[in-house]
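Letter by letter, the chains look like this.
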Amino acid sequence: QGATVAFGGLKQDTSLPVEISADQLSVNQADGSATFAGNVLVGQGEMRLSAGSVRVEYGQDGKSITRLHATGGVTLANRTEAAESRDAVYTIATGEVVMTGDVMLTQGQSALSGQKLVIDLKAGTGVMEGRVQTIFVPGGN
Amino acid sequence: MARFDNTHSRIVAWLKVILPLAALAILSSLFLISRRIDPEAAIPYADVDVAERLREPRMTAPTYSGQTSDGAAIVVSASEARPDQGEGAGAAGLQAELTTPDGASTRFEAATARVTPDRTVLSLEGGVRIASSSGYDLTTDSLTAALDRTRFESAGAVQGSGPIGTLTAGRMVLTQEPGRPQSYVLVFTDGVKLIYLPPSP
């Protein structure tokens, strides 16, 4: 049982430049695998993803990034929505962010929590799965 | 000259005079007008100023190669090396190549370099360019290289580009990964910023 969530705010162009800043980046010389560590902040357009550490997964040609594996407490935020979870995987080409590990999503007043949240940044939609609980404030205004 | 009535004998008589004279002329040209061989110019001298060499001893195009305790090979070559007044040595136009056992290799180029007296630390100054086989091309202003164990550390900020984009960092260290002696890592510390431009779809 999943709850589809509208992510108006998170809709964005995934071909914008991705900027990753962190305390430390360590690159293995033999296979070139790169891991950012120490309050990593990934920014792309409006979206900000902060995590304890981010491992970069390369494309076949070794020149492009296919996925960013963020672990150690991830927060994904943009102007209006924010989502927190233990880890997340962001596939840049398809613009899909999969957040797993007691996910908590807040949209303005209302909040939604579950085990897994799949966000499609291009379409601006998200599906929350696994023991979904929601708290929302009835529109009192 | 005897008188002859027929032309044949007259020609032969003249030839008997002209031919030996011609032979004499050719023979003398072999010695009289041939090029003077100058024995001095036969040996090419080096045109380096010998006095300056004596006053300031130096080596041209020296190379140093060694192995660190963890098995990484270091080859250092320079355009010129000169001993500093009794403490270590200085070099100009330096190139170093580190080949680590895991197969990766990194090249360093620097304008000047100095070796400490105890020969364990080589410090590269005057703008250093680092090109690693994992695709990183970086520049920094100075870098210290330990020659006894694999540890290349930049003194200041590093900027450059890698396979996944342009990169700036506060400091850079190339050393063995702690805990996994066989693998070597290029670690950017003191704040690192990377900008990746996704290929336009």
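Residues numbered from 1 in each chain as written. Chains lettered and ligands numbered in written order. Predicted model: local features only at pLDDT ≥ 70, side-chain atom pairs only at ≥ 80, totals over all residues. Heavy atoms only, no water.

- Per an unreviewed UniProt entry, chain B goes by LPS export ABC transporter periplasmic protein LptC and derives from Aliigemmobacter aestuarii.

**Some words on the nonpolar core**
Part 1: Grouped together as the largest cluster of nonpolar side chains are 67 residues, with contacts concentrated most on F36 and M99 of chain A together with F188 of chain B.
Part 2: Per-element tally for this core: the top contributor is strand 12 (residues 180-196) of chain B, with six residues.
Part 3: When near neighbours in sequence (up to four residues on either side) are disregarded, M99 of chain A contacts V74, L76, A83, E84, S85, D87, A88, Q115, K116, L117 and I119 of chain A. (Core = buried A, V, L, I, M, F, W, Y, C linked by side-chain atoms within 4.5 Å. Buried < 20%, exposed > 50% of the residue type's maximum accessible area, 1.4 Å probe, protein only. Helix = DSSP H or I, 4+ residues; strand = E, 2+ residues; numbered from the N terminus. Contact = heavy atoms within 4.5 Å.)

**Let's talk about the packing of aromatic side chains**
All names here are of chain B.
Part 1: Tallied over the entire structure, the rule returns two aromatic pairs over all chains.
Part 2: Pairing F108 with F152 gives two aromatic rings, centres 4.4 Å apart and planes at 15°, and the pair type is stacked. Placement of the pair is F108 in strand 5 (residues 105-115) and F152 in strand 9 (residues 151-154), with a sequence separation of 44 residues. Each member of the pair, F108 together with F152, is buried.
Part 3: Residues Y136 and F188 carry aromatic rings whose centres are separated by 5.9 Å and whose planes lie at 40° to one another, so their mutual orientation is tilted. Of this pair, Y136 sits in the loop between strand 6 (121-132) and strand 7 (137-140) while F188 sits in strand 12, and the two are 52 residues apart along the sequence. Each member of the pair, Y136 as well as F188, is classed as buried. (Phe/Tyr/Trp six-rings, centres within 6.5 Å; stacked < 30°, edge-to-face > 60°.)

**Side note on the UniProt feature "transmembrane region" (unreviewed entry) in chain B**
Part 1: Residues annotated by UniProt as "transmembrane region" (unreviewed entry) correspond here to residues 12-33 of chain B.
Part 2: Secondary structure content for residues 12-33 of chain B is 95% helix and 0% strand, while the C-alpha to C-alpha distance between its ends is 31 Å. (UniProt positions renumbered as here; feature names shortened; annotations may be inferred.)

**Quick notes on the domain arrangement of chain B**
Frequently, the measure chosen for interface size is the accessible area that the parts lose on association.
Part 1: Domains assigned within chain B are domain 1 (1-32) and domain 2 (60-196).
Part 2: For domain 1 of chain B and domain 2 of chain B, the distance between their C-alpha centres works out to 84 Å. (Domains from an automatic or database assignment.)

**Description of a nonpolar patch on the surface**
Part 1: On the surface, W14, V17, I18, L21 and L24 of chain B cluster together to form a nonpolar patch covering roughly 510 Å² of accessible area.
Part 2: Secondary-structure assignment places L21 of chain B in helix 1 (residues 7-32). (Patch = residues over 30% accessible without salt bridge, like charges linked within 9 Å, V, L, I, M, F, W, Y side chains within 5 Å. Areas by Shrake-Rupley, 256 points an atom, 1.4 Å probe, with all protein chains shown as cover. Salt bridge = Lys/Arg side-chain N within 4 Å of Asp/Glu carboxyl O.)

**Focus: the confidence of the model for chain B**
Part 1: Across chain B, the average pLDDT comes to 84, with 94% of residues at or above 70.
Part 2: Scored as a complex, the prediction yields pTM 0.73 and ipTM 0.79. (pLDDT = per-residue confidence, 0-100.)

**What about the interface of chain B and chain A?**
Part 1: Between chain B and chain A, the residue contacts involve 29 residues of the former and 27 residues of the latter.
Part 2: For the pairing of chain B and chain A, the buried interface totals around 2,200 Å² over both sides, and the portion due to carbon and sulfur atoms is 61%.
Part 3: Counting the contacts that link chain B with chain A gives one salt bridge.
Part 4: Between K193 of chain B and E19 of chain A there is a salt bridge, with the nearest N and O atoms lying 3.7 Å from each other.
Part 5: Applying the counting rule to chain B against chain A returns ten residue pairs in polar contact (both at pLDDT 80 or more).
Part 6: Of all elements in the fold, only strand 11 (165-177) and strand 12 of chain B reach the threshold of two or more residues within the side of chain B that touches chain A.
Part 7: Residue classes in the side of chain B that touches chain A are distributed as 18 nonpolar, six polar and five charged. (Buried area = accessible area lost by both parts, 1.4 Å probe. Polar contact = N/O pair within 3.5 Å; in protein donor to acceptor, adjacent residues only side chain to side chain. Nonpolar A, V, L, I, M, F, W, Y, C, P; charged D, E, K, R; others polar.)

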